[in-house]
Amino acid sequence: MLRYVALRLLYMVPVLLVLSFVLFAFLRALPGGPAIALLGERATERDLEVLEQRFGLDRPVHEQYFGYMRNLARGDLGVSIRTRRPVREELLDRFPATVELSIGAILVAVLVGVPLGFAAAKRYQGAIDQSSLVASLIGISFPVFFLALLLKYVFAVRLGWLPTIGRIDVRMLTAEHPTGFYLLDGIVTRDWDAFVSAAKHLVLPAIALGTIPLAIITRITRGATLDVVSEDYVRTARAKGLVSSVVNRRHILRNAMLPVVTIVGLQVGLLLTGAILTETVFSWPGMGSWILEAIRFRDYAVLQGGILFFVLVVVLVNLLVDISYAFLNPRIRYR
Amino acid sequence: MTSPGSAAATDRTALLSVRDLEVRFVTRRATIHAVNGISFDLDPGATLGIVGESGCGKSVSSLAMLGILPQPAGRVKAGQVLLDGRDLVGLSEHDLRQVRGGEIAMIFQDPMTSLNPVLTIGRQITEALRAHLDMDKRAAAEEAVALLDRVGIPDARRRLSDYPHQFSGGMRQRVMIAMAISCRPKVLIADEPTTALDVTIQAQILDLLRTLVDSEGMALILITHDLGVVAGVCERTHVMYAGRFVETGPTTELFARPKHPYTLGLLKSVPRLDERHHRRLEPIGGAPRDMRELPTGCAFAPRCTYATQASWEVLPLLEPTAGGDHRVACHNPVPDAELVAAGLGLGPDADGDAEDDDQWRP
Ligand SMILES: Nc1ncnc2c1ncn2[C@@H]1O[C@H](COP(=O)(O)OP(=O)(O)OP(=O)(O)O)[C@@H](O)[C@H]1O
Ligand SMILES: [Mg+2]
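A short tour of the structure in this document, coming up. (Residues numbered from 1 in each chain as written. Chains lettered and ligands numbered in written order. Predicted model: local features only at pLDDT ≥ 70, side-chain atom pairs only at ≥ 80, totals over all residues. Heavy atoms only, no water.)

## A short note on the overall build of chain B
A count of helices and strands for chain B gives twelve helices and twelve strands. By residue count, 55% of the 362 residues in chain B fall in the buried class. For chain B, the proportion of contacts with a sequence separation of at least 24, taken over those separated by at least 6, is 66%. For chain B, the exposed area adds up to about 15,000 Å²; of that, 52% sits on carbon and sulfur atoms. (Helix = DSSP H or I, 4+ residues; strand = E, 2+ residues; numbered from the N terminus. Buried < 20%, exposed > 50% of the residue type's maximum accessible area, 1.4 Å probe, protein only. Contact = heavy atoms within 4.5 Å. Areas by Shrake-Rupley, 256 points an atom, 1.4 Å probe, with all protein chains shown as cover.)

Structural data, given as structure tokens:
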């Protein structure tokens, strides 16, 4: 197992190297550049040159690349052209917000999707099954962006049940944030008002972002459960005289969860993409909105650092999923 | 002795008494008449073989007895399953749970798929124990070790934490057996316990079953499509065709003087171990009955060389033959002369006791 993990981590190195190069070249091949984006249409040639020189953008691309990689090796991600802050610092600011949002979305998807899919399978072709089918079709085909706006309009603007934007009440922004995960911070500092406020802010974005994975997980759970209920070992479990709740949980659900775990892993990449849209709608100060801003300003350092980090996270999460899969499924042994 | 059919008098003594059991599968597209009125009695410690080809309703009968028919299509249409005089049909789920595994336990055909792949076998045995006996975790684990030991799994204590895929097919079937006998059931139903195993392992598993049934005093229902398997194990044999018993009787008698053409066909298709009879194996011609509609006459008529007009029109019922306890449902039972010609029956070994029938074993 350790060997397997080490190998997987090792494989990441070439992947990230190639990706960093492609990313670097691609960004510079795009028309326009940070100088013009920052200074606007009416900037003079002279102004642009000065700025480019300041950030070393006038040097040949390969030189820039090696310079960037040298710094990267030391953990230096460069400086944002727009804010002049080190990218690393901004990343550490933004990252917890996106993680919190993503975890919220996954919780919504799993905690609702698994029981729903299971119930649908147990009452195959019954009312729950049919309506969950329709609901998940809608869920999958609804654009995240539109759903986010709709949720915000109905529940925040119209009904006023939940806040419209941000991660926490502005008055609590100054509260202590030792971890950067606001829910966790609330617990750690025993500031329950902050905790409640952060939770309320999280609800709508998490639902918006979690809807597509929810729909997918519901369908996968349903299909897997239908497969498992007719397995011989379920009949064995019944023949043993086990209570049906034990048969359901220990024998059916546990086996039906295997494909679901894989799907959750695959969802993470999509989730981060969806986060960009969701964060924009809810002004969620996470990596999504950060990267979106960076695209507008051709903020090379932020884009490179942010996207590489995204990829790193997706790869690591998938590794984690594979490891946990091995724990759930004893037939899998990594070497 | 057990006695089938006119058993009103023996009802009181039988441990398990099945009366006119009928099972249907009702789906939108068709109704399948899987079991069409079977009756038998089983005394404590008795051994009964149920034999018939694939699809004749053997498994469905036993699932119906335990109330675990595949849902939602499967249902018991009629009949009773009396265990110690209590009817299991229509019993509450709660009461049925006590019966399953506790009083009637079951072993299934395919040991490769009958164990849960994600739970250790220790877990799977102890959960059976703890469902029926008031045992704490440790006591259950100790008992599981003892059980695995009993069914011949070496190094039992260590293997408790292994998963099914770490066992061979034969070993898994031993685990299944350990699980089934764990709560000392009164009846053990073994549904084709050796079909999925290779020949040498088959013999070992049958030996194990025989030994356990003897030592535990359990009654055994051994289901198989292979007459050779029942020969060495079961005192009585019931031959099933299209959801009905077509011939029932003591195993030796049935082997010596098969009366139903179907039984004869089955016997002819079993390889014998003794070299005296060099016969060609003859499979039974024709396909099994389509169970979507019940025939008016004998279900076997389309495949039967003895069939007459009556076979097609009148349903034959189980009637006693000259052999007393031997019954057959046939308008034109096989004449004795045929048996001799077939190299079967009435031979020197025909009236031996059950042990002598070992020659039939696989
Ligand atoms: N879930 C089900 N739905 C519909 N029909 C079924 C179902 N299960 C079994 N049957 C039907 O019931 C009949 C009896 O099946 P059963 O499994 O008892 O056969 P069997 O005698 O055990 O055969 P085998 O030797 O193949 O195990 C078959 O015709 C089968 O098609
Ligand atoms: Mg069967």
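## Observations regarding helix α4 (residues 137-150) of chain B
A rise of 1.5 Å per residue sets the reference length of α4 of chain B, with its 14 residues, at 20 Å; its end C-alpha atoms lie 20 Å apart and thus fit the reference within 8%. Summarising the contacts, the buried residues of α4 of chain B are in contact with α3 (121-132), α5 (156-159) and α6 (169-181) of chain B. (Expected span 1.5 Å × (residues − 1).)

## Observations concerning the pairing of strand β10 (residues 244-250) of chain B
All names here are of chain B. Where burial is concerned, most of β10 is hidden: five out of the seven residues are buried. With six bridges joining them, strand β9 (residues 236-241) and β10 adopt antiparallel strand pairing. Across the sheet, T237 pairs through a bridge with G249, a residue of β10. In this antiparallel pair of consecutive strands, β9 and β10, the connection spans two residues, and A242 shows a positive phi of 50°. Bridge count between β10 and strand β12 (residues 327-328): two bridges; the pairing is antiparallel. Across the sheet, T248 pairs through a bridge with R327, a residue of β12. (Pairing = 2+ DSSP bridges.)

## Side note on the sheet that holds strand β6 (residues 104-107) of chain B
All names here are of chain B. Spatially, eight strands are ordered β6-β7-β8-β3-β9-β10-β12-β11 in an open sheet, and the strand pairing comes out mixed. Each of the sheet's edge strands pairs with one partner strand only, and the pair in question is β6 and β11 (319-320). Judged from the four bridges that link them, β6 and strand β7 (residues 187-191) form a sheet pairing that is parallel. By the bridge assignment, I104 is partnered in β7 with V187. Contacts from α6 reach β6 and β7 within the one sheet, and its direction differs from that of β6 by about 175°. Across the sheet, helix α7 (residues 199-216) touches β3 (47-51), β6, β7 and β8 (219-224), and the angle it forms with β8 is around 160°. (Axes fitted to C-alpha atoms, helices over the stretch in contact; angles between N-to-C directions.)

Remember, this is a structural readout, not a statement about activity or role.
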